[in-house]
Amino acid sequence: MQKRWVKFGLALLGVTLVLAGCQSKPADKETLVKKPYEKSDYYLGTICTLRIYNKDKEAVLDKAFARIKKSENQATLTKSGSELDKINDNAGVKPVQVSKDMWPLMEKALHYSQESDGAFDMAIGAITDLWQIGLPGARVPAQAEIDQALPLVDYHDVVLNKAKRTVYLKKKGMRLDFGGIAKGYIADQVKQVFKENGVTSAVIDLGGNVIVMGHSPLEKNKPWTVGIQDPKKARGESVGTIKGRDISVVTAGIYEHYLKKDGHTYIYLFDRHTGYPYENNLASVTIISPKSVDGDALSNAVFNKGIVEGMQLINNKPKNIQAIMITKDNKIYLSNGLKKTFKLNQDSNYQVEKQLPTK
């Protein structure tokens, strides 16, 4: 989400990029460098790394990080006083107007909450705030706490007013949590900054939400080769690869944020009906899509739905949205558009399944 090809300096959180591939249309008047302009910094609770391969575009890195910083202050709970905090603080009190930058994220979050029937629920915050998985205060809350929070988790109680650009949470104690969609949205904003400043070949890595722009910088007109994370191994170890250009690759998996307590492992994806992390046979879900915001939300929704229902959701999407699901018992399931293009590593102990399991 792979083998580590460090000689190219491209080992990423979640994917590996191999500079090889097949024919595609070249970009106009672009001059690429083999060694990218690169910058890393800590935002969004993770290390964010940006790489630009267009000559003389190093200054664009600072513009992109300024965009990340601004969005973090608007759309996440990692910064006190964010727009998301203001919405949560006024739950059951009054609607809160959000900025023009934030409004599309609100609409996307509600869309995927509705489409997935709550497998992705933008109002999951009352539960995630109890568990704090991935944060220093992570714990297993008491059942009484969970029972008290469950009625507050329901995207139906989120009211969006497009004309006034306001968000209202109907019940006191409700909390939005965009941990499953904000990084994808911000990654897309970074891509837009790059495009507006003439960048055509780049890698955007926001802690595992990865976008590759343009083609391979070492071979003219070649797409990137992206390695898909082995969920049972350290970051940088793949099970196989796909090829693409101008794509987002997002993975949700059991290897990321989790809590171990009394011999049990709790992952960071929650069932809004029980208040506990999901427990199924999936080890990871990777979504390939044009926009990272879609991949972010869908990776969470599909993981929660499981193999059969999750794959049905993806196979009903446009062809430019695909999925790779890996199970705990080393099986790989591919959406229809990847069955001929996903390449399993020769030394892999995983097996690509031709049929979905029975329910």
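Within each chain, residues carry numbers counting from 1 in the order of the written sequence. A pLDDT threshold of at least 70 governs which residues receive local features in this predicted model, and a stricter bar of 80 or more applies before side-chain atom pairs are shown or counted, although totals over entire chains, interfaces and linings include all residues. Only hydrogens and water are set aside; all other atoms, that is, all heavy atoms of the structure, feed into the side-chain values.

Condition: UniProt positions are given in the numbering used here, feature names are shortened, and annotations may be inferred rather than shown by experiment.
By the naming in an unreviewed UniProt entry, the protein chain goes by FAD:protein FMN transferase and is assigned to Latilactobacillus curvatus. Among the UniProt annotations of the protein chain, the heading Catalytic activity (unreviewed entry) holds the following wording: "L-threonyl-[protein] + FAD = FMN-L-threonyl-[protein] + AMP + H(+)". Taken verbatim from the UniProt record of the protein chain, the Function (unreviewed entry) comment is "Flavin transferase that catalyzes the transfer of the FMN moiety of FAD and its covalent binding to the hydroxyl group of a threonine residue in a target flavoprotein."

### Here we look at the overall build of the protein chain
Note the following rule: Helix and strand definitions here come from DSSP, where helices need a minimum of 4 consecutive H or I residues and strands a minimum of 2 consecutive E residues; each element is numbered from the N-terminal end. Computed by Shrake-Rupley with a 1.4 Å probe, the accessible areas treat only the displayed protein chains as cover when residues are assessed.
Helix and strand counts for the protein chain come out as eight helices and 18 strands. Total accessible area on the protein chain is roughly 16200 Å²; 48% of this is exposed by carbon and sulfur atoms.

### Here's the deal with the pattern of salt bridges
Where we set the bar: The salt bridge definition used is simple: a Lys or Arg side-chain nitrogen within 4 Å of an Asp or Glu carboxyl oxygen. Note on classification: 1.4 Å probe, protein chains only; a residue is buried when its accessible area is under 20% of the maximum for its type, exposed when over 50%, partly exposed between these limits.
A complete count under the given rule lists ten salt bridges for this structure. The salt bridge involving arginine 51 is made with glutamate 38; its shortest N-O contact spans 3.2 Å. Of the two residues, arginine 51 sits in strand β3 (residues 46–54) while glutamate 38 sits in strand β2 (residues 32–43), which places them 13 residues apart along the sequence. Taking the relative accessible area as the measure of exposure, arginine 51 reaches 5% and is therefore buried. Between aspartate 294 and lysine 108 there is a salt bridge; the shortest N-O distance is 2.6 Å.

### Describing the packing of helix α6 (residues 182–196) against helix α7 (residues 292–305)
Keep this limit in mind: Fitted lines through C-alpha atoms serve as axes, helices being fitted only where they are in contact, and the angles separating the N-to-C directions of these axes extend from 0 to 180 degrees. The cut-offs work like this: below 35 degrees is roughly parallel, past 145 is roughly antiparallel, 65 to 115 is roughly perpendicular, and the gaps in between are oblique. Should the near helix be turned counterclockwise from the far one by less than a right angle, the crossing is left-handed, whereas a clockwise turn marks it as right-handed. Throughout, a residue-residue contact means that at least one pair of heavy atoms, one from each residue, lies within 4.5 Å.
At their nearest, the axes of α6 and α7 sit 7 Å apart, and the two run at 170 degrees to each other. The angle between the axes of α6 and α7 places the two elements in the roughly antiparallel class. Helix-helix and strand crossings are classified by hand; for α6 and α7 the assignment is right-handed. Contact residues: α6 offers Ala182, Lys183, Gly184, Tyr185, Ala187 and Asp188, while α7 offers Ser292, Val293 and Asp296.

### Quick word on the sheet that holds strand β4 (residues 96–97)
Rules: Any two strands with at least two DSSP-identified bridges between them are counted as paired.
An order of β4-β6-β5 is seen for the three strands of this open sheet, with the pairing classed as antiparallel. One side of each edge strand has no neighbouring strand; the edge strands of this open sheet are β4 and β5 (158–161). As paired elements, β4 and strand β6 (residues 166–169) share two bridges and run antiparallel to each other. When the bridges of β6 are listed, valine 96 appears paired with valine 167. Those strands touched by helix α3 (residues 103–115) are β5 and β6, and its axis lies near 135 degrees from that of β5.

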